Amino acid sequence: MSDSLQFDRAGRLRHFLTLEGLPRDLLVRIMDTAESFTSVTEQQVKKVPLLRGKTVVNLFFENSTRTRTTFELAAKRLSADVLNVNIATSATSKGESLLDTIRNIEAMHVDMFVVRHAESGAAHFIAAHVQPHISVLNAGDGRHSHPTQAMLDMFTIRRHKGDFSRLKVAIVGDVLHSRVARSEILALNTLGAREVRVVAPRTLLPASVTGSLGVRVYHDFDQGLAGVDVIIMLRLQRERMTGAFLPSEHEYFERFGLTEARLAKAAPDVIVMHPGPINRGVEIDSRVADGPHSVILQQVSNGIAVRMAIMSLVLRGSDDAFPGVVL
Ligand code: NCD
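The structure displayed is predicted, hence computed values, not measured ones.

S.K.: Before we move on, can you summarise the environment of Gly192 with the specific residues and values?
M.R.: Position of Gly192 relative to the elements: it lies in the loop between helix H6 (179-190) and strand S6 (195-199). When neighbours within four sequence positions are excluded, Gly192 is seen to be in contact with Phe164 and Ser165.

Written out as structure tokens, the structure reads:
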């Protein structure tokens with residue numbers, strides 16, 4: 001998977017597929033642009049004409065509520081036309097190849113595909129095959145990457161905590177099956193977080209994370225939480241589990257469930273995040289999910305502004321290229 005696929009010959013961002021290889025300046029630019037869009041999403045008439053005349057196609061091969069609807073709202077608030085293709089009832093489920101589906105939608109003169117797919121690499125594959133004027137955004141591919149989720153999480157952290165260089169962040173739970181965790185580790189390291197911890201049972205931790213630079217691994221939840229400024233909880237992704245990864249949900253909650261008692265080990269002004277959907281009583285207690293430290297619903301709201309920022313950077317073409325990018 002070539003990261004240079006994301007940039008055009010002039011070094012401008014064309015697709016948004018992974019955070020791998022993206023420079024810090026670009027991540028900061030996305031957050032700054034999102035900041036300017038939050039006022040749009042809060043005003044009475046929630047539209048700006050930046051993408052008027054453009055057509056965005058949401059191509060979701062996997063279920064989603066938050067991600068699909070916030071992408072749809074983001075595109076509409078930029079004045080684009082949006083087409084939601086329901087793959088469960090589309091021709092792909094009748095045996096049409098992915099590329100044939102893409103070719104047919106391309107023939108309708110669209111400008112952007114937002115792709116979610118259960119296979120890692122699906123968005124890259126589509127980006128490698130679309131016509132030159134079309135941009136592809138990755139809305140989650142297998143266990144690989146979920147770059148817009150990571151960026152909305154970084155934006156949420158920045159709004160609460162400011163400078164990343166002071167922050168200790170714990171990512172907790174089913175790291176093995178999580179594309180969100182992979183993208184977040186990349187983003188936090190690029191933005192210079194002081195410490196990135198992953199806290200997980202041994203069975204839910206991939207070797208690639210254990211061995212990677214910039215991450216401290218904990219198998220004990222209480223130790224992993226000590227003094228952290230941000231806790232990112234992950235859902236137990238049962239739909240991706242093929243073997244016996246866990247003893248029982250009850251036992252998982254005992255060891256890795258976030259309760260008020262556990263929260264007390266973190267910094268007093270800690271924020272609690274979760275990409276959703278949350279499993280109450282499995283990875284997080286309701287009193288924490290709905291409590292004063294939780295920013296889980298703010299993540300959803302921020303998702304609109306961040307997706308507006310990424311869509312406008314990609315479709316309008318940023319004026320200047322990113323010099324740090326090797327093509
Ligand atoms: C995440 C996803 O789909 O990867 N959710 C999301 O995008 N809001 C995480 C999850 O499903 O647990």
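S.K.: Run through the pattern of salt bridges, naming residues and quoting values.
M.R.: Considering all chains together, one arrives at 13 salt bridges under this definition. Note that Lys76 and Glu72 form a salt bridge whose closest N and O atoms lie 2.8 Å from each other. Of the two residues, Lys76 and Glu72 both sit in helix H2 (residues 66-77), four residues apart, roughly one turn of that helix. According to the relative accessible area criterion, Lys76 is partly exposed, its value standing at 35%. Connected through shared salt-bridge partners, Arg68, Glu72 and Lys76 make up one network.

S.K.: Just give me the short version of the domain arrangement of the chain, but keep the residues and values in it.
M.R.: Its domain assignment divides the chain into domain 1 (4-145 + 301-316) and domain 2 (147-300). In this structure, domain 1 and domain 2 have C-alpha centres spaced 25 Å apart. Regarding the contact of domain 1 and domain 2, the summed buried area is about 2,800 Å², with carbon and sulfur atoms giving 59% of it. Applying the counting rule to domain 1 against domain 2 returns three salt bridges. The partner of Glu62 in a salt bridge is Arg179, and the shortest N-O contact between them spans 2.9 Å. Linking domain 1 with domain 2 are 15 residue pairs in polar contact (both at pLDDT 80 or more). Broken down by secondary-structure element, the contributors of at least two residues to the side of domain 1 that touches domain 2 are helix H1 (24-42), H2, strand S3 (112-117), strand S4 (135-141) and helix H12 (296-316). Take the side of domain 1 that touches domain 2: its biggest share by element is nine residues, from H1.

S.K.: How would you explain the pairing of S4 if you had to name every residue and give the values?
M.R.: Taken across its seven residues, S4 has seven buried, putting it largely inside the fold. The parallel pair S3 and S4, bridged by helix H4 (residues 122-129), forms a crossover whose chirality is right-handed.

S.K.: Any details on the packing of aromatic side chains? Residues and values, ideally.
M.R.: How two aromatic rings sit relative to each other is set out by the distance from centre to centre and by the angle between their planes. Throughout the structure, instances matching the rule amount to two aromatic pairs. Put simply, the rings of Phe221, Tyr252 and Phe256 touch in pairs and so form one group of aromatic residues.

S.K.: Give a detailed account of the site of the ligand, specifying residues and quantitative values.
M.R.: Within the structure, the ligand sits among Arg66, Thr67, Arg116, His146, Gln149, Arg179, Val180, Arg235, Gln237, Pro275, Gly276 and Pro277. Within the side chain of Thr67, an N or O atom sits 3.0 Å from an oxygen atom of the ligand. The contact in question runs from an oxygen atom of the ligand to an N or O atom on the side chain of His146, over 2.7 Å. In the complex, the protein chains occlude 94% of the 320 Å² of accessible area that the ligand would expose alone. With respect to the detected pockets, the ligand is housed in the largest pocket. By residue class, the composition of the shell around the ligand is three nonpolar, five polar and four charged.

S.K.: Tell me about the packing of helix H5 (residues 147-161) against H6, residues and numbers included.
M.R.: In contact at an axis separation of 8 Å, H5 and H6 are set at 50° when each is read in the N-to-C sense. When the interaxial angle is binned, H5 and H6 end up oblique. The element H5 and its partner H6 pack so that their crossing is right-handed. Counting all contacts with H5, which are made through Pro147, Gln149, Ala150, Asp153, Met154 and Ile157, the residues of H6 involved are Val180, Ser183, Glu184, Ala187 and Leu188. The class makeup of the residues in the contact of H5 with H6 is seven nonpolar, two polar and two charged.

About the cut-offs
- Residues numbered from 1 in each chain as written.
- Predicted model: local features only at pLDDT ≥ 70, side-chain atom pairs only at ≥ 80, totals over all residues.
- Heavy atoms only, no water.
- Helix = DSSP H or I, 4+ residues; strand = E, 2+ residues; numbered from the N terminus.
- Contact = heavy atoms within 4.5 Å.
- Salt bridge = Lys/Arg side-chain N within 4 Å of Asp/Glu carboxyl O.
- Buried < 20%, exposed > 50% of the residue type's maximum accessible area, 1.4 Å probe, protein only.
- Domains from an automatic or database assignment.
- Buried area = accessible area lost by both parts, 1.4 Å probe.
- Polar contact = N/O pair within 3.5 Å; in protein donor to acceptor, adjacent residues only side chain to side chain.
- Right-handed = clockwise from strand over helix to strand, strands pointing away.
- Phe/Tyr/Trp six-rings, centres within 6.5 Å; stacked < 30°, edge-to-face > 60°.
- Near = heavy atom within 4 Å.
- Areas by Shrake-Rupley, 256 points an atom, 1.4 Å probe, with all protein chains shown as cover.
- 1 Å grid on protein atoms, 1.4 Å probe; cavity = no way out; pocket = protein on both sides within 12 Å on 5 of 7 lines; lining within 4 Å.
- Sits in = over half its atoms within 2 Å of the grid points.
- Nonpolar A, V, L, I, M, F, W, Y, C, P; charged D, E, K, R; others polar.
- Axes fitted to C-alpha atoms, helices over the stretch in contact; angles between N-to-C directions.
- Parallel < 35°, antiparallel > 145°, perpendicular 65-115°, else oblique.
- Left-handed = near helix turned anticlockwise from the far one by under 90°.

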